[in-house]
Amino acid sequence: GVAGRPGFSLLELVLHVDGTCEYKEEQHTSSAKALPDAATFKILGGGTLLLQTRRSGKPGFRLQERRGNRTVQRAVQQVELSIRVLLQKCSFEPFQQQEEPFPGHTPL
């Protein structure tokens, strides 16, 4: 879909080996994102991916919602995502280093 239009949906999620993550989700009237260096992840039983704040008591995410002519922002402590839905709707792109470990390097 087109950003800002009904039916639009976007999810960007990067899970790092050290347990941190990057997260951004947009829908027609709302968006959520992880604050810089503020989010970690873990997998829960039952097929749930839990994104949570890195520092206890500090929000790791920001939620923005449009309500009429106003935009409301809220701090969020955690986000739960269904692994089944992620696998159905998302694609995996390996990091460039996996495809080409040393870009531009010519072995001797």
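Look up a bit, the structure's there.
The shown structure was predicted, so the numbers you read here are calculated from the model rather than taken from an experiment.

Draft legend 1. Region of interest: the state of the cysteines. Under the counting rule described, the total for this entry stands at zero disulfides. A disulfide-free cysteine, Cys21 has its sulfur positioned 14 Å from the sulfur of Cys90, the nearest such atom.

Draft legend 2. Fine view of the pattern of salt bridges. Enumeration over the complete set of coordinates arrives at three salt bridges. Measuring nitrogen to oxygen at the nearest pair gives 2.9 Å for the salt bridge that ties Arg74 to Glu65. Salt bridges linked by common partners bring Glu65, Arg67 and Arg74 together as one network.

Draft legend 3. Local environment of the sheet that holds strand β5 (residues 48-53). The three strands are arranged β4-β5-β8 in an open sheet whose pairing can be described as antiparallel. Each end of this open sheet is capped by a strand with a single partner; those strands are β4 (39-44) and β8 (78-82). Within the sheet, the average angular offset between the axes of one strand and its neighbour, ignoring direction, is 20 degrees. Bridge count between β5 and β8: five bridges; the pairing is antiparallel. Following the sheet pairing, Leu50 is matched in β8 by Glu80.

Draft legend 4. Representation of the sheet that holds strand β6 (residues 61-67) within the structure. Ordered by their spatial adjacency, five strands build an open sheet running β1-β2-β3-β6-β7, and the pairing between neighbours is antiparallel. A strand with exactly one partner marks an edge of an open sheet, and here the two such strands are β1 (9-15) and β7 (70-76). Neighbour to neighbour, the strand axes of the sheet diverge by 10 degrees on average, direction disregarded. Where β1 lies against strand β2 (residues 21-27), seven bridges are found, and the strand directions are antiparallel.

Draft legend 5. Molecular detail of the layout of surface pockets. As a volume, the largest pocket reaches approximately 720 Å³. Around the largest pocket, the lining comprises 19 residues; the ones closest to its centre are Leu13, Val14, Ser91, Phe92 and Glu93. Sorting the residues of the lining of the largest pocket by element identifies β1 and α1 (83-89) as the ones contributing at least two each. Ranked by the residues each element gives to the lining of the largest pocket, the list is headed by β1, at five residues. Split by residue class, the lining of the largest pocket holds 13 nonpolar, three polar and three charged.

Draft legend 6. Just the environment of Phe61, in detail. With respect to the element layout, Phe61 can be found in strand β6. Overall, the relative accessible area of 2% leaves Phe61 in the buried class. Along the sequence, Phe61 and Leu87 sit 26 residues apart, while their C-alpha atoms lie 23 Å from each other.

Draft legend 7. Local environment of the environment of Leu49. Relative to the assigned elements, Leu49 resides in strand β5. A relative accessible area of 3% means that Leu49 is categorised as buried. Sequence spacing of Leu49 and Leu86 is 37 residues, and the spatial spacing of their C-alpha atoms is 9.3 Å. Excluding residues that lie within four positions of it along the chain, Leu49 makes contacts with Leu13, Leu15, Phe41, Lys42, Ile43, Val79, Glu80, Leu81, Ile83 and Leu86.

About the cut-offs
Residues numbered from 1 in each chain as written. Predicted model: local features only at pLDDT ≥ 70, side-chain atom pairs only at ≥ 80, totals over all residues. Heavy atoms only, no water. Disulfide = S-S within 2.5 Å. Salt bridge = Lys/Arg side-chain N within 4 Å of Asp/Glu carboxyl O. Pairing = 2+ DSSP bridges. Helix = DSSP H or I, 4+ residues; strand = E, 2+ residues; numbered from the N terminus. Axes fitted to C-alpha atoms, helices over the stretch in contact; angles between N-to-C directions. 1 Å grid on protein atoms, 1.4 Å probe; cavity = no way out; pocket = protein on both sides within 12 Å on 5 of 7 lines; lining within 4 Å. Points joined across faces, edges and corners; volume = space filled by probe spheres on them. Nonpolar A, V, L, I, M, F, W, Y, C, P; charged D, E, K, R; others polar. Buried < 20%, exposed > 50% of the residue type's maximum accessible area, 1.4 Å probe, protein only. Contact = heavy atoms within 4.5 Å.

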